[in-house]
Amino acid sequence: MVKTCREPIRRLPRPIACMPMRTRLLQVALILLLGLILPAALPAQGADWPEWRGPNRDGISAEKNLPEKWTQNGENFLWRIPIGGRSAPVVWGNRVYVQNAAGEGQHLQERVMCLDANTGKTIWEQRFNVFLSDVPPHRTGWASPAVDPETENVYAFGVGGMLVAFSKDGKPLWERSLTEEFGLLTTHGGRTVSPVIDGNLVIVSGASFGWGAHAGGSHRFYAFDKRSGETVYVSQPGGRPYDTTYAGVIIADVGGTRLLISGAGDGFVHALKVQTGEPVWKYEISKRGINTGAVMVGNNVIVSHGEENMDTSEMGLIAAVDAAAHGTLTAANVAWRVTGFLGGYSSPVTDGQRVYQVDNGSNLYAFDAQTGRQLWTKNLGAVQKASLVLGDGKLYVGSESGKFYILRPRADGCDVLDEDLLGTPEHPEIITASAAISRGRVFFISESAIYAIGKPVPDSAIRRAPAARASSAASGEPAYLQVLPADLLLEPGQTARFRARLFNAKGEFLREAQATWSLAPAVSAHGGKMTEVWDVVVIGLGPAGAVTAYLAARTGRRVLAVDRAQFPRDKVCGCCVSHRALQVLQACGLKPNW
């Protein structure tokens, strides 16, 4: 049984329309006139689906006249190709992008494919290796790709921590190995977030154990320049993670500040200023990692999980939290919450009046968006991973039972418009990924195949509205300084150019600033030569030396660890330093102060 507790919610009065009759008649006449002259100039119905959860990252399509039934090789059937996967497709124009596994055994790789949206034929594919990871083959290709609307470049985040960028024609642009560079943790579970694109940034996150200030384990958010791959920021808003996770990200304007809101491996939901990574608020909801995405209802964000709660023995909850708050949120910031709801994998959607979500047991729930009151349930199977997609008043979703549903939710129940079994009752095609909607077509993936339903759309019919003009420069006083690149590794003789960027209190970019740069106090000058200064020098990387270096680095100290194998046979260890070792250190430019 689910339990509901709620706090009163203030409702604003609805504005009353008041319009002179002559104006109304003129308005009607204009509408009729536009109806006669606009269709030829309008773009093809619908829009793109550039990221996992759609154009607004909330699982919602604004399209109309979407399919409400289909049969394989029959009505509304477009194509099927026998290439399976576990992550959702994304769509840009007449191209479908998917991410999956390719090859077997030692030849197993992760693959990004570009398919023709009308035929399913492969336009191009690119593969990259999975290494430094124990992710099994059936969990490879966990995340979905993302398409940048500005450049049409494609970004993919692999289970091994590799972030790669391709042009729309499949040309590799850049790559970053987060496992090697930042100590990103990958596990047998394979859970991997899908990248999101905002402005000039491509953003991913995960549990990592790095070095220096990032030596301790934490769920961190990494933002890179989408064109160059340069590190823009590393944000550490939370604590030590319980799990690796794959929660979807939503970006929302709350009180004039654009927030990135996402669950994380530390059991918190975090809100950051999307362009700077500055933490705004966090709300702890579980003793395990969060895998479900969030959706907005006004200024409330709907969050959920299926793990241990913080203050009750019941597992799972769904709640509405005030996204306009700041700091560490408490029960005072919660509009309502329902405990006992096991919403651990499938992300919710909302039509503004009701919130829909499928629990772990494949039961579809409807909750009142303002109060959290449970309205009705509908069983869809036994096990659920795929998230709902809402479009044209219909819900599209697949289940691990191999069934793909088209449903029409109502205030008091749900109608099944179409129910198709993929595969056979003995061997159903498991569906773990959500669908994508674009220009009247619905695309979805089972473990065995990729499907498209709807009608073909010719290339000539795909038009997009002119790109919105860049807004005028933000105003306000500088409140945040961002230094680029945010993370850098230089070899001897290399140089780097740094930039100082100023943002206002809302996280909006103001301008680049002229800055005076220096390396003090990290270095000191000896005879005009800049020399590194270390808090701790550990010589000998045996068990004792390695532990000593690790513990010192965890405290934030600058540690130099020297492998004694590089020295002659003089006695060199972590507890004593020979005369020969001192000579070598000084030759390296180090001047120990002991």
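Residues numbered from 1 in each chain as written. Predicted model: local features only at pLDDT ≥ 70, side-chain atom pairs only at ≥ 80, totals over all residues. Heavy atoms only, no water.

A. Summary view of helix H3 (residues 543–554). Look at H3: 17 Å from first C-alpha to last across twelve residues, which is about the 16 Å you get at 1.5 Å a residue. Considered for burial, the residues of H3 that qualify are Gly545, Ala549 and Ala552. Seen from one end, H3 has its buried residues packed into an arc of 70 degrees, which puts them on one side. Across H3 from its buried face, at more than 90 degrees, point the exposed residues Pro543 and Ala544. Of the residues flanking the end of H3, it is glycine 556, one or two places downstream, whose phi is positive at about 95 degrees. (Helix = DSSP H or I, 4+ residues; strand = E, 2+ residues; numbered from the N terminus. Expected span 1.5 Å × (residues − 1). Buried < 20%, exposed > 50% of the residue type's maximum accessible area, 1.4 Å probe, protein only. Arc of directions from axis to C-beta.)

B. Focus on the nonpolar core. By size, the foremost hydrophobic cluster in this structure holds 30 residues, and its most contacted members are Trp70, Trp79, Leu115, Phe404, Val442 and Phe444. The set of elements that each furnish at least two residues to this core consists of strand E3 (77–81), strand E5 (95–102), strand E6 (109–116), strand E31 (403–409), strand E33 (436–438), strand E34 (441–445) and strand E35 (450–453). Those residues in contact with phenylalanine 444 that sit more than four places away from it in its chain are Trp70, Pro89, Phe404, Leu422, Ala435, Ala449, Ile450, Tyr451 and Ile453. Within the second largest apolar cluster, 23 residues are counted, among which are Ala252, Ile261, Trp281 and Leu329. (Core = buried A, V, L, I, M, F, W, Y, C linked by side-chain atoms within 4.5 Å. Contact = heavy atoms within 4.5 Å.)

C. Spotlight on the packing of aromatic side chains. Under the defined criterion, the tally for this structure stands at 19 aromatic pairs. Ring geometry for tryptophan 79 against phenylalanine 443: centres 6.3 Å apart, planes inclined by 50 degrees, an arrangement best described as tilted. Placement of tryptophan 79 in strand E3 and of phenylalanine 443 in strand E34 is noted, with a sequence separation of 364 residues between them. Residue tryptophan 79 shares its accessibility class with phenylalanine 443, and that shared class is buried. Here the aromatic rings of phenylalanine 444 and tyrosine 451 are separated by 5.1 Å at their centres, their planes lie at 10 degrees, and the arrangement is stacked. Over the ring of phenylalanine 268 we find lysine 282, and its NZ or CZ is 5.2 Å from the ring centre. The cationic tip of arginine 501 hangs over the ring face of phenylalanine 509; the distance from NZ or CZ to the ring centre is 4.2 Å. (Phe/Tyr/Trp six-rings, centres within 6.5 Å; stacked < 30°, edge-to-face > 60°. Lys NZ or Arg CZ within 6 Å of the ring centre and 35° of its normal.)

D. Broad picture of the environment of glycine 248. Within the element layout of this structure, glycine 248 appears in the loop between strand E15 (231–235) and strand E16 (250–254). By relative accessible area, which is 6% here, glycine 248 ends up buried. Taking the C-alpha atoms as reference, glycine 248 lies 9.7 Å from alanine 264; in sequence the two are 16 residues apart. Excluding anything up to four places from it in sequence, glycine 248 contacts Trp52, Ile261, Ser262, Asn291, Thr292, Gly293 and Ala294.

E. Spatial organisation of the side chain of asparagine 153. By secondary structure assignment, the location of asparagine 153 is in the loop between strand E8 (146–147) and strand E9 (154–157). If we skip the residues at most four places from it in the chain, asparagine 153 touches Ala146, Val147, Asp148, Phe166, Ser167, Lys168 and Leu173.

F. View of the pairing of E15. Of all the five residues making up E15, five are buried; the element is thus mostly covered by neighbouring parts of the structure. Here strand E14 (residues 218–225) hands over to E15 after five residues, with glycine 229 in that stretch at a positive phi of 85 degrees. (Pairing = 2+ DSSP bridges.)

G. Focus on the pattern of salt bridges. Counted by the stated rule, this structure contains 24 salt bridges. A salt bridge links arginine 439 to aspartate 48; its shortest N-O distance comes to 2.8 Å. With arginine 439 in the loop between E33 and E34 and aspartate 48 in the loop between helix H1 (21–37) and strand E2 (60–61), this residue pair connects regions lying 391 residues apart in the sequence. Considered together, arginine 439 and aspartate 48 belong to a single accessibility category, that of buried residues. For aspartate 148, the salt bridge is made with lysine 226, and the minimal N-O distance between the two is 3.1 Å. (Salt bridge = Lys/Arg side-chain N within 4 Å of Asp/Glu carboxyl O.)

H. Quick peek at empty space enclosed by the protein. Scanning all chains against the criterion turns up six cavities of 30 Å³ or more. Taken as a whole, the largest cavity encloses approximately 130 Å³ of empty space. Around the largest cavity, the lining is made up of 18 residues, and of these Leu184, Leu185, Thr186, Arg191 and Thr192 lie nearest the centre. At three residues, strand E13 (residues 201–208) tops the list of elements feeding residues into the lining of the largest cavity. In terms of residue class, the lining of the largest cavity is made up of seven nonpolar, ten polar and one charged. (1 Å grid on protein atoms, 1.4 Å probe; cavity = no way out; pocket = protein on both sides within 12 Å on 5 of 7 lines; lining within 4 Å. Points joined across faces, edges and corners; volume = space filled by probe spheres on them. Nonpolar A, V, L, I, M, F, W, Y, C, P; charged D, E, K, R; others polar.)

I. Molecular detail of the sheet that holds strand E4 (residues 90–92). Spatial ordering of the open sheet is given by E4-E5-E6-E7, a layout of four strands whose pairing is antiparallel. Each edge of the sheet is formed by a strand with only one pairing partner; in this case those strands are E4 and strand E7 (122–129). Across this sheet, the average inter-strand angle for adjacent strands is 25 degrees, counted without regard to direction. Two strands pair when backbone bridges link them, and E4 and E5 are joined in this way by three bridges, in the antiparallel orientation. The residue bridging valine 90 from the neighbouring strand is tyrosine 97, located in E5. (Axes fitted to C-alpha atoms, helices over the stretch in contact; angles between N-to-C directions.)

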